[in-house]
Amino acid sequence: MPVQAKLAAAWTSFMFLYVYVDFFNLYKPGVVDGILNGLVWRFDVSSTLLTIMLASVAIPALMVMLSMTLPGRVNRATNLVVASLYIPYSVFNAAGATWEWAFFYGLSIGIEVLILAFILRSAWTWPRRTASPTTLAASLDSGPLRTPQQA
């Protein structure tokens, strides 16, 4: 399977998990009341906060597309940088969590970090050279020519 497809699938999985963790977090007692009162975690709801939140979701969403479209060298570097930055960002989600919610955050953050580690490993071990279509075509024609009766 091409590395680009693995990376795009991993970023897609990360995005699903990322969104669902935020969605399930709304079920915690007091979260919706806080939002209705203009607070998210300890921050006032503002256009700046919502823009930051949108950017934090948009970057992994863009990585799905970029993983399939960027040239190899740029793709590898971009995945290494973005995944590296998202590991501490994901771990930060545990800040302020109580022991009552430790398993929820531990499981969600643990899976996010595992997916990001897979992305880092896939990008890091990306083959430096891949066969070009012309090389592949030439290798297919390198065998001896056979007549239809010999095949």
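A brief report on the enclosed structure follows. Keep in mind that this is a model prediction, so the values were computed, not measured.

As for the overall build of the protein
Item 1. The secondary structure content of the protein amounts to six helices and two strands.
Item 2. Written out in order from the N terminus, the α and β elements of the protein read α-α-β-β-α-α-α-α.
Item 3. A burial count over the protein gives 25% of its 151 residues as buried.
Item 4. Contacts in the protein between residues at least 24 apart in sequence constitute 77% of all its contacts with a sequence separation of at least 6.
Item 5. As displayed, the protein has an accessible area near 10,600 Å², and 69% of this comes from carbon and sulfur atoms.

Thoughts on the side chain of Ser-67
Item 1. Here Ser-67 shows up in helix α3 (residues 47-69).
Item 2. Of note is the side chain of Ser-67, whose polar atom sits 2.6 Å from the backbone oxygen of Met-63.

With respect to a nonpolar patch on the surface
Item 1. Where nonpolar side chains cluster on the molecular surface, the patch consists of Phe-16, Tyr-20, Phe-23, Phe-24, Leu-26, Tyr-27, Val-32, Ile-35 and Leu-36 and spans about 950 Å² of accessible area.
Item 2. Counting only elements with at least two residues in the nonpolar patch, the list comes to α1 (3-25) and α2 (31-36).
Item 3. Tracing the sequence through the fold places Phe-16 in helix α1.

Overview of helix α4 (residues 72-92)
Item 1. Spanning 21 residues, α4 covers 31 Å between terminal C-alpha atoms, matching the ideal 30 Å at 1.5 Å per step.
Item 2. Burial in α4 covers these residues: Asn-75, Arg-76, Asn-79, Leu-80, Val-82, Ala-83, Tyr-86 and Ser-90.
Item 3. Against α1, α3 and α5 (102-124) lie the buried residues of α4.

Thoughts on the packing of aromatic side chains
Item 1. All chains considered together, the criterion is met by 10 aromatic pairs.
Item 2. Where Tyr-20 meets Phe-24, the ring centres are 5.8 Å apart and the plane angle is 35°; that geometry is what we call tilted. Taken together, the residues span about one helical turn, with Tyr-20 and Phe-24 both in helix α1 at a distance of four residues.
Item 3. We classify Tyr-20 as partly exposed; its relative accessible area is 45%.
Item 4. Ring pairing ties together the aromatic residues Trp-11, Phe-14, Tyr-18, Tyr-86 and Tyr-89, which thus form one cluster.

Description of the nonpolar core
Item 1. Judged by nonpolar contacts, the single largest core of 19 residues is most densely connected at Trp-11, Phe-14, Ala-83, Tyr-86, Ile-115, Leu-116 and Ile-119.
Item 2. At the level of secondary structure, the elements contributing two or more residues to this core comprise α1, α4 and α5.
Item 3. In this structure, Trp-11 is in contact with Pro-60, Met-63, Val-64, Ser-67, Asn-79, Val-82, Ala-83, Leu-116 and Ile-119, ignoring residues within four places of it in sequence.

Digging into the packing of α1 against α5
Item 1. Closest axis-to-axis distance for the α1/α5 pair is 10 Å, and the angle between their directions is 165°. One element, α1, and the other, α5, form an angle in the roughly antiparallel class. In the crossing of α1 with α5, the sense of the turn from one axis to the other is left-handed. For the pair α1 and α5, contact is made by Val-3, Lys-6, Leu-7, Ala-10, Trp-11, Ser-13, Phe-14, Leu-17, Tyr-18, Val-21, Phe-24 and Asn-25 and by Phe-104, Tyr-105, Ser-108, Ile-111, Glu-112, Ile-115, Leu-116, Phe-118, Ile-119, Ser-122 and Ala-123, respectively.

About the thresholds
Residues numbered from 1 in each chain as written. Predicted model: local features only at pLDDT ≥ 70, side-chain atom pairs only at ≥ 80, totals over all residues. Heavy atoms only, no water. Helix = DSSP H or I, 4+ residues; strand = E, 2+ residues; numbered from the N terminus. Buried < 20%, exposed > 50% of the residue type's maximum accessible area, 1.4 Å probe, protein only. Contact = heavy atoms within 4.5 Å. Areas by Shrake-Rupley, 256 points an atom, 1.4 Å probe, with all protein chains shown as cover. Polar contact = N/O pair within 3.5 Å; in protein donor to acceptor, adjacent residues only side chain to side chain. Patch = residues over 30% accessible without salt bridge, like charges linked within 9 Å, V, L, I, M, F, W, Y side chains within 5 Å. Salt bridge = Lys/Arg side-chain N within 4 Å of Asp/Glu carboxyl O. Expected span 1.5 Å × (residues − 1). Phe/Tyr/Trp six-rings, centres within 6.5 Å; stacked < 30°, edge-to-face > 60°. Core = buried A, V, L, I, M, F, W, Y, C linked by side-chain atoms within 4.5 Å. Axes fitted to C-alpha atoms, helices over the stretch in contact; angles between N-to-C directions. Parallel < 35°, antiparallel > 145°, perpendicular 65-115°, else oblique. Left-handed = near helix turned anticlockwise from the far one by under 90°.

Read these as layout, nothing more, since geometry by itself doesn't imply function.
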